[in-house]
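# Understanding the architecture of this molecule
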Amino acid sequence: LYDFGEEQKQPYITMELVDGKNVRQVLNRFKELNQAFPIELAAYIIEQAAQGLFYAHSFRDKISGQSLNVVHRDISPQNILVSYEGGVKIIDFGIAKATTNSEHTRAGVIKGKPSYLAPEQISGDAMDGRTDLFALGAVFWELLIGKKLFQGDNDLAVLKMIESCTTTVKAPSELNKNVPKELDAIVMKLLKKNPADRFQSGEELSRALRRF
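Residues numbered from 1 in each chain as written. Predicted model: local features only at pLDDT ≥ 70, side-chain atom pairs only at ≥ 80, totals over all residues. Heavy atoms only, no water.

### Thoughts on the confidence of the model for the protein
Looking at the protein as a whole, the pLDDT averages 92, with 93% of positions reaching at least 70. Considering each helix and strand of the protein separately, the mean pLDDT is smallest for helix H6 (residues 165–168), with a value of 92, and largest for strand S3 (residues 20–22), with 98. (pLDDT = per-residue confidence, 0-100. Helix = DSSP H or I, 4+ residues; strand = E, 2+ residues; numbered from the N terminus.)

### A look at the pairing of strand S4 (residues 80–83)
Of the two faces of S4, the one holding Ile 80 and Val 82 and the one holding Leu 81 and Ser 83 are both buried throughout. Relative to S4, S3 runs antiparallel, the two sharing three bridges. Pairing of Asn 22 across the sheet is with Leu 81, part of S4. Alignment of S4 against strand S5 (residues 88–90), held across three bridges, turns out to be antiparallel. Looking across to S5, one finds that Ile 80 is bridged to Ile 90. Where S4 folds back on S5, the antiparallel hairpin that results is connected by four residues, among which Gly 86 adopts a positive phi of roughly 100 degrees. (Buried < 20%, exposed > 50% of the residue type's maximum accessible area, 1.4 Å probe, protein only. Pairing = 2+ DSSP bridges.)

### Things to note about the pattern of salt bridges
Taken as a whole and assessed by the stated rule, the structure comprises nine salt bridges. Here Arg 210 ties to Glu 47 by a salt bridge, and the two come within 3.0 Å at their closest N and O atoms. Of this pair, Arg 210 sits in helix H9 (residues 202–211) while Glu 47 sits in helix H2 (residues 39–57); the two residues are 163 residues apart in sequence, bridging distant segments of the chain. Under the relative-accessibility criterion, Glu 47 is labelled buried at 6%. With its nearest N and O atoms 3.7 Å apart, the salt bridge here joins Arg 207 to Glu 203. Residue Arg 207 and its partner Glu 203 are both found in helix H9; the two are separated by four residues, about one turn of the helix. Note on Arg 207: relative accessible area 38%, which makes it partly exposed. (Salt bridge = Lys/Arg side-chain N within 4 Å of Asp/Glu carboxyl O.)

Structure (structure tokens):
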């Protein structure tokens, strides 16, 4: 978002134009062509998204210096854009949670797409940047395998799969033999049920992927 205001009593917002496609559209195109998503491209997109999340998660109020504790809460293939120049952008912070939010989510209300929720979003526990990293892990797994990690006959079945992620998640290389073991380790760390066992920041994840 570049600017906002009012012109002739009409409110407006000025936004960046990202000339490209979202990751869901890119994935669908590979499926149409009956091709696997390139592993290097998947790693690059996730590494760039991790940098974007780190920026958001560590963002501070420019006047007070207070951390805003931003959590996106809706990381999914639809909300990651890839421009034709190769830029990666995270969009739609529409349901993001921040310290400045006055609205509180009602008990029992879950925000976000079911297949990309973290276990703590379902259980109602405290969320932080590691919540978004779990969702990014689900996107990463999907890019490497070509299908959603958590899918079922209905939303309840999906939520139960996520709650039992410790036993239900298979390492990507079990389904795609081209995935290196080093990448398995990164994906599986992202998808740990306990946030303390995941990467602790987008920067840490980004560094691990750059080393890979």
